[in-house]
Amino acid sequence: KLKGWYCNIGKPAIIEDDFVSYVDLALDLWVSANGTQTVLDEDELEELNLDEELKQQVYSGLRELEKHFESKNLIFKDPAPNLYHVTHVSIINLL
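Residues numbered from 1 in each chain as written. Predicted model: local features only at pLDDT ≥ 70, side-chain atom pairs only at ≥ 80, totals over all residues. Heavy atoms only, no water.

Student: Could you clarify how one ought to interpret unusual backbone geometry in this entry?
Tutor: Negative phi is the rule for most residues except glycine; trans is the rule for most peptide bonds. Positive phi outside glycine occurs at Ala26, with the angle close to 75°. Of note, Ala26 is situated in strand E4 (residues 24–32). In this structure, Asn49 takes a positive phi of about 50° despite not being glycine. Note on placement: Asn49 falls in the loop between helix H1 (42–47) and helix H2 (52–70). (Helix = DSSP H or I, 4+ residues; strand = E, 2+ residues; numbered from the N terminus.)

Here you go:
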């Protein structure tokens, strides 16, 4: 049964022939199957001591994600230009 979506906010992924890497910017969004949203790891984001511009981009990415799920449009198109800082969305299926 679907439990929800766990979304990491990070810098855009670097995709090469033999590896994929990205920088995790700590802030995460958990959206349960019923639509309840929970922002995670704000304390970890503060510990990164990011410059103000990058921190604002992180929160902008978070707002875009929140709006996306609020619209109930759960299909992510590729590429998703408005979700620039979202590098990973996982569908969590736990029994």
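Student: In this structure, what is going on with the confidence of the model for the protein? I would like to understand it.
Tutor: The predicted structure's coordinates, where accompanied by low pLDDT, should not be read in detail. Confidence along the protein averages 78 in pLDDT terms, with 76% of residues attaining 70 or more. Of the regions scoring below 50 in pLDDT, residues 77–88 engages in 23 contacts with residues more than four places distant in sequence or in other chains. (pLDDT = per-residue confidence, 0-100. Contact = heavy atoms within 4.5 Å.)

Student: Would you explain H2 in this entry?
Tutor: Each α-helix winds once per 3.6 residues, and so residues spaced three or four apart point in a common direction. Its 19 residues place the ends of H2 27 Å apart at the C-alpha level, agreeing with the 27 Å of an ideal helix rising 1.5 Å per residue. Inspection of H2 places Leu54, Lys55, Val58, Tyr59, Gly61, Leu62, Leu65, His68 and Phe69 among the buried residues, and these make up the whole buried set. N-cap assignment for H2: the residue whose side-chain oxygen lies 3.1 Å from the backbone N of Glu53 is Asp51. Lys72, located one to two residues past H2, shows a positive phi value of around 60°. (Expected span 1.5 Å × (residues − 1). Buried < 20%, exposed > 50% of the residue type's maximum accessible area, 1.4 Å probe, protein only. Polar contact = N/O pair within 3.5 Å; in protein donor to acceptor, adjacent residues only side chain to side chain.)

Student: Got a minute to help me understand the pairing of strand E5 (residues 37–40) in this structure?
Tutor: The side chains of a regular strand alternate between the sheet's two faces. Both E4 and E5 contribute to a ladder of four bridges, which runs antiparallel. Residue pairing for E5: Asp28 is matched across the bridge by Leu40. Between the end of E4 and the start of E5, which pair antiparallel, lie four residues, with Gly35 showing a positive phi angle near 95°. (Pairing = 2+ DSSP bridges.)

Student: Can you walk me through the nonpolar core in this structure?
Tutor: The nonpolar side chains of soluble globular proteins are, as a tendency, buried together. One finds Leu27, Leu29, Leu45, Val58 and Phe69 to be the most contacted residues of the largest nonpolar core, which totals 16 residues. The set of elements that each furnish at least two residues to this core consists of strand E1 (2–10), E4 and H2. A per-element tally of this core places H2 first, with six residues. Those residues in contact with Leu45 that sit more than four places away from it in its chain are Leu25, Ala26, Leu27, Leu50, Lys55, Val58 and Tyr59. (Core = buried A, V, L, I, M, F, W, Y, C linked by side-chain atoms within 4.5 Å.)

Student: Please explain the pattern of salt bridges as it appears in this structure.
Tutor: Charged atoms that come close allow side chains of opposite charge to pair. Within this structure, the stated rule accounts for one salt bridge. A salt bridge links Glu46 to Lys55; the nearest nitrogen and oxygen atoms lie 3.2 Å apart. Looking at Glu46, the relative accessible area reads 41%, which means it is partly exposed. (Salt bridge = Lys/Arg side-chain N within 4 Å of Asp/Glu carboxyl O.)

Student: Teacher, can you tell me more about a negative patch on the surface here?
Tutor: Negative charge collects at one region of the surface, where Asp24, Glu42, Asp43, Glu44 and Glu47 lie side by side. Ranked by residue count, the leading element in the negative patch is H1, at four residues. Mapped onto the elements, Asp43 comes out in helix H1. (Patch = residues over 30% accessible without salt bridge, like charges linked within 9 Å, V, L, I, M, F, W, Y side chains within 5 Å. Areas by Shrake-Rupley, 256 points an atom, 1.4 Å probe, with all protein chains shown as cover. Lys, Arg positive; Asp, Glu negative; His and termini not counted. Charge placed at Lys NZ, Arg CZ, Asp CG, Glu CD.)

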